[in-house]
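Coordinates in review
Residue strings, one per chain:
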Amino acid sequence: MIGLQIGKTVFRAPEVEQPEAPEETILSTKKLSFWYGEKRALDGISMEIPVRQVTAIIGPSGCGKSTYLRCFNRMNELIPGSNFDGAVEYRGRDINDGRVDPVSIRRQIGMVFQKPNPFPKSIYDNIVFGAKVNGMSADMDELVETSLRKAALWDEVKNDLKQSGLALSGGQQQRLCIARALAVEPEVILMDEPCSALDPIATTRIEDLIRTLRETYTIVIVTHNMQQAARVSDKTAFFTVGESGGGELVEFDDTQRLFTTPSDPRTEAYITGRFG
């Protein structure tokens, strides 16, 4: 409170609540629609994803969650017959602009898939593969250790770096894949149901890792597990299948608010188990 004194009288200005600073957007879509051949997968989705937060995408099967995720690093364009309309932006630039190199986009926006997919190489070579392909000149030994530490895997494998990545447990393989993604120094990590093939203990480790990584990276995670979304995310988007047959965005809000006081009855019906 600011005070102004005149003589013995002090006049105090009333407290004014300061508005919250606007969140910085790193990824966004504008009226994004997507088709596989003639089948519509997404229908006009506009959404802004904030930097260095975890954004979860939930919704019933077939509502386009994974399709939406893959739009952010242009993986869908590898599928014959696919097509889209609208815009996908990374830091304000349309990533589908013909002048944008998709390889560069995939370096900045990494991907972790539903099923762990380490290369049939050593743990060491799994980490350095992307760095070498991208022409990075880092100290490779240091890069391997740093990446594995970030993925909370170093202490478990530091004495077995020549071992095949395929010899690790499922949870370790998924953390290896996360370390591999981190090695090329992305800003964003996309995760497509990264725990669906893992047991509860491995799932807990991945969730703990996500909470740690959010301090440095922007994470967008697709999950069918609403409890997981509530545990790890800052914001949640709820998708459903619209009348066109394509996925549409019903609601996007702070996670706590969406799960406790959703604004759309369809969201409430889904999170309370009445459909989906």
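Read on for an overview of the structure. Residue indices follow the written sequence of each chain, beginning from 1 at its first position. Where local features are concerned, this predicted model is filtered to residues with pLDDT of at least 70; where side-chain atom pairs are given and counted, the filter is 80 or more; whole-chain, interface and lining totals use all residues. With hydrogens and water excluded, all non-hydrogen atoms of the structure serve as input to the side-chain values.

The rule is short: rings of Phe, Tyr and Trp, with Trp giving its six-membered ring, pair when the centres are within 6.5 Å, and they are stacked under 30 degrees, edge-to-face over 60, tilted in between. For the structure shown, the criterion picks out 5 aromatic pairs. On the basis of an interplanar angle of 65 degrees and a centroid distance of 5.0 Å, the ring pair of Phe 119 and Phe 129 is categorised as edge-to-face. Remark: Phe 129 occurs in helix α3 (residues 123-133) and Phe 119 occurs in the loop between β8 (109-112) and α3; sequence separation between them is 10 residues. Three labels apply to residues, based on accessible area from a 1.4 Å probe with only protein chains included: buried if under 20% of the type maximum, exposed if over 50%, partly exposed otherwise in between. Residue classification places Phe 119 among the partly exposed residues on the basis of a relative accessible area of 27%. On the accessibility criterion, Phe 129 (37% relative accessible area) is partly exposed. Following the ring pairs from residue to residue traces out a cluster consisting of Tyr 68, Phe 72 and Phe 239. Runs of E in the DSSP output that reach at least two residues are strands. Runs of H or I that reach at least four are helices, and both are numbered from the N terminus.

The next thing to look at is the packing of α3 against helix α4 (residues 140-150). Here an axis means a line fitted to C-alpha atoms, over the contact stretch when the element is a helix, while the angle between two N-to-C directions is reported on a 0 to 180 degree scale. Contact geometry for α3 and α4: axes closest at 10 Å, N-to-C directions at 110 degrees. With respect to α4, the axis of α3 lies roughly perpendicular. Facing α3, whose interface residues are Ile 123, Tyr 124, Ile 127, Val 128, Ala 131 and Lys 132, α4 presents Met 140, Asp 141, Leu 143, Val 144, Ser 147 and Leu 148. Three residue categories are used. Nonpolar comprises Ala, Val, Leu, Ile, Met, Phe, Trp, Tyr, Cys and Pro, charged comprises Asp, Glu, Lys and Arg, and polar comprises the others, including Gly. Split into classes, the residues belonging to the contact of α3 with α4 amount to 9 nonpolar, 1 polar and 2 charged. Angles below 35 degrees are treated as roughly parallel, those above 145 as roughly antiparallel, those between 65 and 115 as roughly perpendicular, and all remaining angles as oblique. In this analysis, two residues are considered to be in contact whenever any of their non-hydrogen atoms come within 4.5 Å of each other.

It is worth spelling out the pairing of strand β12 (residues 247-254) at this point. Here strand β11 (residues 235-241) pairs with β12 via 7 bridges, running antiparallel. Following the sheet pairing, Thr 240 is matched in β12 by Glu 248. Here, a strand pair is defined by DSSP locating no fewer than two bridges between the strands. Hairpin connection of β11 to β12: 5 residues between the antiparallel strands, including Gly 245 at a positive phi of 95 degrees.

Three or more residues of α3 are buried, namely Ile 123, Asn 126, Ile 127, Val 128, Gly 130 and Ala 131. Buried residues belonging to α3 abut α4, α5 (154-157) and α6 (170-182).

Turning next to the pattern of salt bridges. Take a side-chain nitrogen of Lys or Arg and a carboxyl oxygen of Asp or Glu: if they are within 4 Å of each other, that pair is a salt bridge. Going through the model one piece at a time under the given rule, you end up with 18 salt bridges. Its salt-bridge partner being Asp 43, residue Arg 40 comes within 3.2 Å of it at the nearest N-O pair. Residue classification places Arg 40 among the partly exposed residues on the basis of a relative accessible area of 22%. One salt bridge in this structure joins Arg 257 and Asp 254, with 2.9 Å as the shortest N-O distance. By relative accessible area, which is 27% here, Asp 254 ends up partly exposed. Here the salt bridges share partners, and the residues they tie into one network are Glu 23, Lys 235, Asp 253, Asp 254 and Arg 257.

Okay, the side chain of Thr 67 next. Inspection of the secondary structure puts Thr 67 in helix α1 (residues 65-71). Discounting residues that sit within four places of it in the chain, Thr 67 has contacts with Phe 34, Tyr 36, Ala 41, Leu 42 and Asn 76.

On to the packing of α4 against α6, then. Contact geometry for α4 and α6: axes closest at 8 Å, N-to-C directions at 125 degrees. Viewed along their axes, α4 and α6 adopt a mutual orientation that is oblique. For the pair α4 and α6, the sense of crossing is right-handed. Across the interface between the two elements, Ser 147, Leu 148 and Lys 150 from α4 touch Leu 176, Ala 179 and Leu 182 from α6. Less than a right angle of anticlockwise turn of the near helix away from the far helix marks a crossing as left-handed, whereas a clockwise turn marks it as right-handed.

A few words on unusual backbone geometry. One non-glycine residue, Arg 52, adopts positive backbone phi at about 50 degrees. Examined against the element boundaries, Arg 52 turns out to sit in the loop between β4 (39-50) and β5 (54-58). Of note in the backbone geometry, Glu 193 takes a positive phi value of approximately 50 degrees without being a glycine. Tracing the backbone through its elements, the reader meets Glu 193 in the loop between β9 (188-192) and α7 (200-213).

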